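# Overview (structure and organization)
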Amino acid sequence: MADHKRNISKCWANNYVNDEVVLRYGELFCGPGGLALGALKAKIKKNGIIYRLKHIWATDYDFDSCQTYRKNICPKDPQSVIHEDVRKLDLESLGPIDVFAYGFPCNDFSIVGESKGFDGEFGPLYTYGVKILNIFRPKIFVAENVSGLRSANNGNAFNVIMNDLESAGAGYNLTTNLYKFEHYGVPQTRHRILIIGIEKSLGLRFHVPKPTTVEKPPTASQAIEHPPISANAHNHEITRQSKKVIERLERIKPGENAWNADLPEELQLNVKGARLSHIYRRLHPDRPSYTITGSGGGGTHGYHWKESRALTNRERARIQTFPDDFIFMGSKESVRKQIGMAVPPMVSELIFNCILKTIVGTKYKHLDFSELSLENSQLELSV
């Protein structure tokens, strides 16, 4: 045991128990637990020591998301998940952590919405993550948001957020990248910004892992049909479609939507203004799914390429890389929202495995700075 202890940096000595270094994990805006599921699956071994993360606390304002998180992430410690509006939460009562994660609400930064940024209701909520960094000073953090964050408030919001995160706590080295998840094994064209911060005192910097499926991204049919979903699987209820919707879908080919399909006048949509591409858009079986969303009315639910119906929540969960034994709580519409807002666990596990490799000095294939997919002017804090 003494030999093992000598292989651990002073930073993690207090986390060493029974040949393991266990990093305490806390999360704001936790949603149903996509980030946490991947984080808690991450594990590496070096010099006979296992490095992993352990759930300590999580919080979200959505009741059903908290119920889902409790059931799947910490069923033996349900009190550790706090259902509360972060603006009313006593942050200091949450407890010390080593690793912090938060996918701060993206409603006001999404390119689909009005892009209000800091002027919206949700924009300023990122500051509560900064407060966590200042209070508990975790050694590592992961922040996630939509690609529209780059352009919110003419790019000013992104620069303010980056500066606030870099200077929080004891100061962090930041690595920021726009990840195309279909290039990392996710059967979905989902593009998100991830900001990874490592406390400057460690003298380490996270490197963006090299994409693995650029040439051959996984497809929607692979995700949904291999293996087949059991008929009695959880969250697999089929939505009854109206006769008109069925008739419309029958005329829309795989990959097409309500705007580019050859529809007779009586089945066309009378919509003024923006025409979102995913309206009654059918998946293409031989391509990744388009982005699974958590909000929107009729025509936005994602549609099967062969059957004239919306996807079931279990099919959406498959596309988001949740395992079939991950059970979502709440109504069917609540579950759809939870799935659409979540971070794919597959990407989370990859990121946290690379974080663990970074802190122990294990090499992995990664991108050079010149290959990162944000404009250089927005990555000044990452060099």
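The shown structure was predicted, so the numbers you read here are calculated from the model rather than taken from an experiment.

Along the backbone of the protein there are 10 helices and nine strands. The buried share among the 383 residues of the protein stands at 54%. A sequence separation of at least 24 residues applies to 71% of the contacts in the protein between residues at least 6 apart. Element-wise, carbon and sulfur atoms account for 48% of the exposed surface of the protein, whose accessible area totals about 17,600 Å².

Bringing a negative patch on the surface into the picture now. Together, Glu-247, Glu-250, Glu-265 and Glu-266 give the surface a local cluster of negative charge. Along the chain, Glu-247 falls in helix α7 (residues 243-250).

On to the packing of aromatic side chains, then. Across all of its chains, the model carries 14 aromatic pairs by this definition. Relative to Tyr-184, the ring of Tyr-179 lies with its centre 5.6 Å away and its plane at 50°, an arrangement referred to as tilted. Note on accessibility: Tyr-179 and Tyr-184 belong to one class, buried. Aromatic ring contacts, followed pair by pair, group Phe-29, Trp-57, Phe-100, Tyr-102, Phe-104, Tyr-126 and Phe-136 into a single cluster. One Lys or Arg, Lys-131, reaches over the ring of Tyr-128 and ends 4.3 Å from the middle of that ring. When the ring centre of Tyr-280 is taken as origin, the NZ or CZ atom of Arg-248, which lies over that ring, is 4.9 Å away.

If you look at the biggest cluster of nonpolar residues, it comprises 75 residues, and the most contacted ones within it are Tyr-25, Tyr-69, Tyr-179, Ile-196, Phe-206 and Phe-352. It is helix α10 (residues 345-360) that provides the largest number of residues to this core, a total of eight residues. Not counting residues within four places of it along the chain, the set of residues in contact with Phe-206 comprises Thr-175, Tyr-179, Ile-196, Ile-198, Ile-351, Cys-354, Ile-355, Thr-358 and Tyr-364. Among the nonpolar cores identified, the runner-up in size contains 31 residues, and Val-86, Tyr-128, Tyr-172 and Leu-174 belong to it.

Once that is clear, we can look at the packing of helix α2 (residues 34-41) against α10. Across the interface, α2 lies against α10 with an axial gap of 7 Å and an inter-helix angle of 45°. Classified by the angle between their axes, α2 and α10 sit oblique to one another. Along this stretch, α2 crosses α10, giving a crossing that reads as right-handed. Along its contact with α2, which presents Gly-34, Leu-35, Leu-37, Gly-38, Ala-39 and Lys-41, the element α10 presents Pro-345, Ser-348, Glu-349 and Phe-352. A class-by-class count of the residues in the contact of α2 with α10 yields five nonpolar, three polar and two charged.

For the rest of this paragraph, the subject is the confidence of the model for the protein. Overall, the predicted model of the protein reaches an average pLDDT of 89, with 89% of residues at or above 70. Scored below 50 in pLDDT, residues 108-118 shows 33 contacts in the model against residues more than four places distant or in partner chains. Contacts of residues 375-383 to residues separated by more than four positions or lying in other chains number 21 contacts, the stretch itself having pLDDT below 50.

Another point: the side chain of Asp-60. By the element assignment, Asp-60 lies in strand β4 (residues 49-60). Notably, Asp-60 is buried but unbridged: the nearest opposite-charge side chain belongs to Lys-337, and the N-O separation is 7.8 Å. Setting aside residues no more than four positions away along its own chain, Asp-60 makes contact with Phe-29, Cys-30, Gly-31, Ser-65, Cys-66, Ile-82, His-83 and Glu-84.

This structure, assessed with the given rule, holds 10 salt bridges. Close ionic contact of Glu-315 with Arg-309 constitutes a salt bridge, the shortest N to O distance being 2.9 Å. Note on accessibility: Glu-315 and Arg-309 belong to one class, buried. The salt bridge partner of Arg-336 is Glu-333, with a shortest N-O separation of 2.9 Å.

Within the secondary structure layout, Arg-336 lies in helix α9 (residues 332-341). Within polar-contact distance, the side chain of Arg-336 engages the side chain of Glu-333 at 2.9 Å.

What follows is about helix α4 (residues 126-136). Restricting attention to buried positions, one finds in α4 the residues Tyr-126, Tyr-128, Gly-129, Val-130, Ile-132, Leu-133 and Phe-136. Here the buried face of α4 lies against β2 (20-28), β4, β6 (99-102), β7 (140-146), α5 (156-167) and β8 (172-180). Of the residues flanking the end of α4, it is Arg-137, one or two places downstream, whose phi is positive at about 50°.

Here we take up the pairing of strand β9 (residues 191-199). Along a regular strand, successive side chains alternate from one face of the sheet to the other. Taking burial as the measure, the nine residues of β9 include eight buried ones, the bulk of the element. As paired elements, β8 and β9 share nine bridges and run antiparallel to each other. Paired with Asn-177 across the two strands is Leu-194, which belongs to β9.

Our focus in this paragraph is the packing of α4 against α5. A pair of packed helices is characterised by two quantities: the angle between their axes and the separation of those axes. Contact pair α4 / α5: the axes reach a minimum separation of 9 Å and the direction vectors enclose 15°. Considered as vectors, α4 and α5 are oriented roughly parallel to each other. Between α4 and α5 lies a crossing whose hand is left-handed. Residues Tyr-126, Val-130 and Leu-133 of α4 lie in contact with α5, whose contacting residues are Val-160, Ile-161, Asp-164 and Leu-165. Of the residues contributing to the contact of α4 with α5, the split by class is six nonpolar, no polar and one charged.

Relative to the helices and strands, Tyr-102 resides in strand β6. According to the relative accessible area criterion, Tyr-102 is buried, its value standing at 0%. Placed 44 residues apart in sequence, Tyr-102 and Ala-58 show a C-alpha to C-alpha distance of 9.6 Å. In contact with Tyr-102, not counting residues within four places along its chain, are Leu-28, Phe-29, Tyr-126, Gly-129, Val-130, Val-142, Ala-143, Glu-144 and Leu-165. Separated by 3.0 Å, the side chain of Tyr-102 and the backbone oxygen of Tyr-126 make a polar contact.

Parameters and conventions
Residues numbered from 1 in each chain as written. Predicted model: local features only at pLDDT ≥ 70, side-chain atom pairs only at ≥ 80, totals over all residues. Heavy atoms only, no water. Helix = DSSP H or I, 4+ residues; strand = E, 2+ residues; numbered from the N terminus. Buried < 20%, exposed > 50% of the residue type's maximum accessible area, 1.4 Å probe, protein only. Contact = heavy atoms within 4.5 Å. Areas by Shrake-Rupley, 256 points an atom, 1.4 Å probe, with all protein chains shown as cover. Patch = residues over 30% accessible without salt bridge, like charges linked within 9 Å, V, L, I, M, F, W, Y side chains within 5 Å. Salt bridge = Lys/Arg side-chain N within 4 Å of Asp/Glu carboxyl O. Lys, Arg positive; Asp, Glu negative; His and termini not counted. Charge placed at Lys NZ, Arg CZ, Asp CG, Glu CD. Phe/Tyr/Trp six-rings, centres within 6.5 Å; stacked < 30°, edge-to-face > 60°. Lys NZ or Arg CZ within 6 Å of the ring centre and 35° of its normal. Core = buried A, V, L, I, M, F, W, Y, C linked by side-chain atoms within 4.5 Å. Axes fitted to C-alpha atoms, helices over the stretch in contact; angles between N-to-C directions. Parallel < 35°, antiparallel > 145°, perpendicular 65-115°, else oblique. Left-handed = near helix turned anticlockwise from the far one by under 90°. Nonpolar A, V, L, I, M, F, W, Y, C, P; charged D, E, K, R; others polar. pLDDT = per-residue confidence, 0-100. Polar contact = N/O pair within 3.5 Å; in protein donor to acceptor, adjacent residues only side chain to side chain. Pairing = 2+ DSSP bridges.

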